[in-house]
Amino acid sequence: MKKKKKKLRKIGIISLIIIDLIVALCFFLTYGPYSYFRDFLVTTAMTTMTHKYLARTFYSEETINKVLAKNTIETFTEGTDTSKIIIGGETKTDYASEYERQILEREENQEYKLIEFEYNSYDCYLVAIYDPSRVSVAQTEYLNVQGEVLRNIAKKNGAKVAINAGGFVDPNGTGNGGIPMGPVIQNGVATNGQMDEAFEMVGINEDNILVLKHTTVRQALEEKIRDAVSFGPYLIVNGKSAKITGNGGWGINPRTVIAQRKDGIILFLVVDGNGQNRYNWNGRGGVTLNEVIEILERYDAYNAANMDGGASTNLVIENKLYNKPCAISETGERRLPNGWIFK
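Residues numbered from 1 in each chain as written. Predicted model: local features only at pLDDT ≥ 70, side-chain atom pairs only at ≥ 80, totals over all residues. Heavy atoms only, no water.

Student: So what exactly am I meant to see when it comes to the sheet that holds strand S5 (residues 161–164) here?
Tutor: Each strand in a sheet pairs with another by means of backbone hydrogen bonds, the pair being arranged parallel or else antiparallel. Strand order in the open sheet formed by five strands is S4-S19-S5-S17-S18, with antiparallel pairing between adjacent strands. Each edge of the open sheet is held by one strand with a lone partner, namely strand S4 (135–139) and strand S18 (320–321). Here four bridges tie S5 to strand S19 (residues 338–342), and the two strands are oriented antiparallel to one another. Looking at S19, one finds that Ile-163 is bridged to Trp-340. (Pairing = 2+ DSSP bridges. Helix = DSSP H or I, 4+ residues; strand = E, 2+ residues; numbered from the N terminus.)

Below, the structure is given as structure tokens:
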């Protein structure tokens, strides 16, 4: 009996030591001299809609603001130069790189091409869409009332491919995806936002060119923008990549991007995180904006904009959910206000 008690006491002491070490490690990572973990936690949490409390649990507003101030992405002063985008052209057979071959090599009459790869162990899906005139904004049927999962939006609009687009109003984490964040233009009609409201536009004009520009709804319509949402930041404008300090203030998350090459090919890029794996050390996982830009540069994106990411990141192809989203639902999908579709 004494031996048993000694053994139990020994196990208890070892357990306490392990717990103390874990607590000490967590304290060191959270408040220690090395900023990586602090920057990672703050920037990742503060760019989510419902998890900002994770940063505020450990840090003061002053500390959070200091972290955000040293992790920034530049604001482009120029908008898209549409004259640089020449849609179509001669078919190439001599490719400058393997990435160019992946985009341009296709079967006759192939409408789009899915390219799958890994980046830093995360699944990436790049869809090359060869006819930009067939890319547009689609919205929930219950606009300003309730959002829908992207699969439903895609199916109702006859989409072959769909990705999520803009964000939605989410007061205190109670938003249901029904109210878009910022102006939206669909088929040449403003469906959200005031006419003179300024916004970071991610739009497609009547010449089927992706236009990134800070403008107003009225100006956008006058300039023949047919479909647009409000989001960002812009990652590449006129072939110039954004200058990012630190991780850009956007942390590590699943990502959704819309881009266009100089030859007019539209790119839908989705980078998964950990899906619904709640036990991975880095939470939802994913990539930084710097890493997204690196991927886009490989495939010669000339203009590119970040769309709503995190739990909103979705890819639907032929009515099938293709990625592993991380929202709190049975399928990992969340209700959304809108998406970019190809049909």
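Student: I keep staring at the side chain of Gln-260 and nothing clicks. Help me out?
Tutor: Within the secondary structure, Gln-260 is located in strand S14 (residues 255–261). In this structure Gln-260 comes out as buried when scored by relative accessible area, which is 0%. A distance of 2.7 Å separates a polar side-chain atom of Gln-260 from the backbone nitrogen of Leu-210. Polar side-chain contacts of Gln-260 include one of 3.0 Å to the backbone oxygen of Gly-264. Discounting chain neighbours no more than four positions away, the residues touching Gln-260 are Ile-85, Pro-132, Asn-208, Ile-209, Leu-210, Ile-265, Ile-266, Ala-301, Tyr-302 and Asn-303. (Buried < 20%, exposed > 50% of the residue type's maximum accessible area, 1.4 Å probe, protein only. Polar contact = N/O pair within 3.5 Å; in protein donor to acceptor, adjacent residues only side chain to side chain. Contact = heavy atoms within 4.5 Å.)

Student: Looking at this structure, how should I read the nonpolar core?
Tutor: One recurring pattern in soluble globular proteins: nonpolar side chains tend to sit buried together. In this structure, Val-202, Leu-235, Phe-268, Leu-296 and Trp-340 are the most contacted members of the largest nonpolar core, which totals 59 residues. No other element matches strand S3 (residues 122–129), which puts seven residues into this core. Leave out the neighbours within four places in its chain, and Leu-296 touches Leu-235, Ile-236, Val-257, Ala-259, Leu-269, Ala-301 and Ala-304. Core analysis: the next-biggest nonpolar cluster, separate from the first, contains nine residues, Ala-138, Leu-150, Ala-154 and Val-316 among them. (Core = buried A, V, L, I, M, F, W, Y, C linked by side-chain atoms within 4.5 Å.)

Student: Can you walk me through unusual backbone geometry in this structure?
Tutor: If a residue is not glycine, its phi is most likely negative; likewise, a peptide bond is most likely trans. Following Gly-232, the chain continues into Pro-233 via a peptide bond in cis, with omega recorded as 5 degrees. Relative to the assigned elements, Pro-233 resides in the loop between strand S10 (225–230) and strand S11 (234–237). Phi is positive for Asn-120, which is not a glycine, with a value near 50 degrees. Mapping Asn-120 onto the fold places it in the loop between strand S2 (112–119) and S3. Even without a glycine there, the phi angle at Ser-121 is positive, about 75 degrees. Here Ser-121 is to be found in the loop between S2 and S3.

Student: Help me understand the pattern of salt bridges, please; the structure alone is not making it clear to me.
Tutor: Going through the model one piece at a time under the given rule, you end up with 14 salt bridges. Here Lys-240 and Glu-78 are joined by a salt bridge, their closest N and O atoms 3.4 Å apart. Here Lys-240 is found in strand S12 (residues 240–241), whereas its partner Glu-78 is found in the loop between strand S1 (72–73) and helix H5 (98–104), with 162 residues between them in sequence. One salt bridge connects Arg-298 with Glu-294, and the closest N-O pair in it is separated by 3.5 Å. Taken together, the positions of Arg-298 and Glu-294, both in helix H8 (residues 289–298) and four residues apart, correspond to about one turn of that helix. (Salt bridge = Lys/Arg side-chain N within 4 Å of Asp/Glu carboxyl O.)

Student: Help me out: how do you make sense of the packing of aromatic side chains in this one?
Tutor: The relation between two aromatic rings is expressed through the spacing of the ring centres and the mutual angle of the planes. What the rule picks out here adds up to five aromatic pairs. For the pair Tyr-99 and Tyr-299, a centre-to-centre distance of 5.2 Å together with 70 degrees between the ring planes defines the contact as edge-to-face. Residue Tyr-99 is located in helix H5, and its partner Tyr-299 is located in the loop between H8 and strand S16 (301–307); the two are separated by 200 residues in the primary sequence. Overall, the relative accessible area of 29% leaves Tyr-99 in the partly exposed class. (Phe/Tyr/Trp six-rings, centres within 6.5 Å; stacked < 30°, edge-to-face > 60°.)

Student: How do you make sense of the pairing of S4 when you look at a structure like this?
Tutor: Burial analysis of S4 places five of its five residues in the buried class, which makes it a mostly covered element. Covered by surrounding structure in S4 are Val-135, Val-137 and Gln-139 together with Ser-136 and Ala-138, the residues of both alternating faces. In this sheet, S19 lies alongside S4 in antiparallel orientation, the contact comprising five bridges. Residue pairing in the sheet places Gln-139 in a bridge with Asn-338 of S19.

On their own, these measurements won't tell you what the molecule is for.
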